[in-house]
Amino acid sequence: MSTNQLDQLKKVTTVVADTGDFESMKTYMPQDATTNPSLILQAAAKPEYKHLVEQAVSEMKATGVTGPALTEAIIDRILILFGLEILKIVPGRVSTEVDARLSFDTAATIAKAHQLIAAYEKEGHSRERILIKIASTWEGIKAAEALAKEGIHCNLTLLFSFAQAVACAEAGVRLISPFVGRILDWHKKETGKDYQGDEDPGVISVKSIYNYYKKFGYKTQVMGASFRNKGEILALAGCDLLTISPGLLAELQASDEPVTARLTAEEAAASSDEKISLNESQFRFLLNEDAMATEKTAHGIRAFSADIVKLEKLIEGMI
């Protein structure tokens, strides 16, 4: 009896659900789940999740906090309540994102991470099951480095370049999320070409990062993210983790064509990579030299920040 592609993929890669929708998680049974402000905003607007938003508003209003501090507290509580529900479904970890507007403030990012971890621990969950999601700016990477020393693990998101990946590995970050589909989007727009499979620039980027990490023994995990089609996923089978949207999870589940590991530690060991090390000025220069990574990182931070503002407006209308 043939096995569907999703089940085959789970044998060579840890599958993560890229959604804030609980029913999708129950359907596809991922190991972990990751959310972002955009996904939380979409979920919070659905009738079936309205009770979580109302619960957060009620709990935080009861604390006596007012004004902007109340709105911030409610949003943090919404993130935690969604995370708590996700932890009931998945056996592994949930990624909870720091406000993208803190992406260039190391101290504020660390402070917010402490708040989020404390909230989860108050609810009885070990920090081992939580990944604090932070943008892959220099300031974000430095925050993750400090947090790692406290046993707080981070997922560095909005990662588009090899320089960002190297800096994350050197900082001892637990996990990175290279954005495969957004890299593809940029190159398609620039060149007008339609890339497939191994020629996909996003796939090439993740393969190069994976090979570098494995060759030099970095413990940082690579989680491909932001996929545009099933071909990108299959081309990265064997990667440590892949976070996949419900639509593409459904496509994988509907097919029984064979899946083979395309990324392996053995192949990585044979790569011709040379080890590099980056200080802050080198990191900033290399990122600046990479037009795609510079543009996509900035755009991602702006977009996530805009969705946080929309979520604030939603909350303010309920207070």
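Residues numbered from 1 in each chain as written. Predicted model: local features only at pLDDT ≥ 70, side-chain atom pairs only at ≥ 80, totals over all residues. Heavy atoms only, no water.

1. Some details on the overall build of the protein
- Helices and strands together make up the secondary structure of the protein, namely 15 helices and 8 strands.
- Over its C-alpha atoms the protein spans a radius of gyration of 19 Å, differing by no more than 12% from the 20 Å that the globule rule assigns to 319 residues.
- Taking the principal axes of the C-alpha coordinates as reference, the protein spans close to 60 × 55 × 40 Å.
- Each of the 319 residues in the protein was classed as buried or not, and the buried ones make up 54%. (Helix = DSSP H or I, 4+ residues; strand = E, 2+ residues; numbered from the N terminus. Rg over C-alpha atoms; globule rule 2.2 N^0.38 Å. Buried < 20%, exposed > 50% of the residue type's maximum accessible area, 1.4 Å probe, protein only.)

2. What about the packing of aromatic side chains?
- Applying the stated rule across the entire model yields 9 aromatic pairs.
- Here the aromatic rings of Phe-22 and Tyr-49 are separated by 4.8 Å at their centres, their planes lie at 75°, and the arrangement is edge-to-face. Of this pair, Phe-22 sits in helix α2 (residues 22-28) while Tyr-49 is found in the loop between α3 (37-44) and α4 (50-61), placing the two residues 27 residues apart along the sequence.
- Seen in terms of ring centroids, Trp-138 and Phe-283 are 5.2 Å apart; in terms of plane orientation they differ by 50°. Their pairing is tilted. With a gap of 145 residues between them, Trp-138 in helix α7 (residues 138-148) and Phe-283 in helix α14 (residues 280-289) connect regions that are remote in the sequence.
- Residue Trp-138 is classed as buried on the basis of its relative accessible area, which comes to 11%.
- One aromatic cluster is present, built from ring pairs that chain together Phe-162, Tyr-212, Tyr-213, Phe-216 and Tyr-218. (Phe/Tyr/Trp six-rings, centres within 6.5 Å; stacked < 30°, edge-to-face > 60°.)

3. Digging into unusual backbone geometry
- Backbone geometry places Met-29, a non-glycine residue, at a positive phi of 45°.
- Among the secondary structure elements, Met-29 is positioned in the loop between α2 and β2 (32-34).
- Residue class for Met-29 comes out partly exposed when judged on its relative accessible area of 47%.
- Residue Leu-158 is not a glycine yet carries a positive backbone phi of 50°.
- Its place among the elements puts Leu-158 in strand β5 (residues 154-159).

4. Remarks on the environment of Asp-32
- Among the secondary structure elements, Asp-32 is positioned in strand β2.
- Between the alpha carbons of Asp-32 and Leu-242 there is a distance of 9.8 Å; along the sequence they are 210 residues apart.
- Those residues within four positions of Asp-32 in sequence are excluded, and the remaining contacts are Val-15, Val-16, Ala-17, Val-90, Gly-92, Arg-93 and Leu-241. (Contact = heavy atoms within 4.5 Å.)

5. Remarks on helix α12 (residues 246-253)
- Restricting attention to buried positions, one finds in α12 the residues Leu-248, Leu-249 and Leu-252. The arc that holds every buried residue of α12, seen down its axis, measures 105°, which confines them to one face.
- Where α12 is buried, its residues meet α1 (5-12), β1 (14-18), α2, α11 (230-235) and β8 (241-244). (Arc of directions from axis to C-beta.)

6. A closer look at the state of the cysteines
- The full count for this structure, using the stated rule, is 0 disulfides.
- Its sulfur unpaired, Cys-154 is 9.7 Å from the next cysteine sulfur, which belongs to Cys-168.
- Unpaired in terms of disulfides, Cys-239 finds its nearest cysteine sulfur in Cys-168, a separation of 14 Å.
- Overall, Cys-239 belongs to the buried group, its relative accessible area being 0%. (Disulfide = S-S within 2.5 Å.)

7. Quick word on the packing of helix α6 (residues 106-122) against α7
- Axis separation between α6 and α7 bottoms out at 8 Å; the angle between their running directions is 45°. One way to sum up the angle between α6 and α7 is to call them oblique. The two elements α6 and α7 meet at a crossing, and its hand is right-handed. Contacts from Thr-106, Thr-109, Ile-110, Ala-113 and His-114 in α6 reach Glu-139, Lys-142, Ala-143, Ala-146 and Leu-147 in α7.
- When the residues that make up the contact of α6 with α7 are grouped by side-chain class, the tally is 5 nonpolar, 3 polar and 2 charged. (Axes fitted to C-alpha atoms, helices over the stretch in contact; angles between N-to-C directions. Parallel < 35°, antiparallel > 145°, perpendicular 65-115°, else oblique. Left-handed = near helix turned anticlockwise from the far one by under 90°. Nonpolar A, V, L, I, M, F, W, Y, C, P; charged D, E, K, R; others polar.)

8. So, the pattern of salt bridges
- Under the counting rule described, the total for this entry stands at 22 salt bridges.
- Of the charged contacts, one joins Glu-23 and Lys-26 as a salt bridge, the two residues approaching to 3.4 Å between their closest N and O atoms. Placement of both Glu-23 and Lys-26 in helix α2 is noted, with a separation of 3 residues, approximately one turn of the helix.
- A residue is classified by how much of its surface remains accessible, and Lys-26, at 46% relative accessible area, is partly exposed.
- Ionic pairing is found between Asp-185 and Arg-228, a salt bridge with its closest N-O pair at 2.7 Å. Taken together, the residues Asp-185 in helix α9 (residues 180-191) and Arg-228 in the loop between β7 (221-224) and α11 connect sequence positions 43 residues apart.
- By relative accessible area, Asp-185 is classed as partly exposed at 29%.
- Residues participating in the shared-partner salt-bridge network are Glu-59, Arg-77 and Glu-123. (Salt bridge = Lys/Arg side-chain N within 4 Å of Asp/Glu carboxyl O.)

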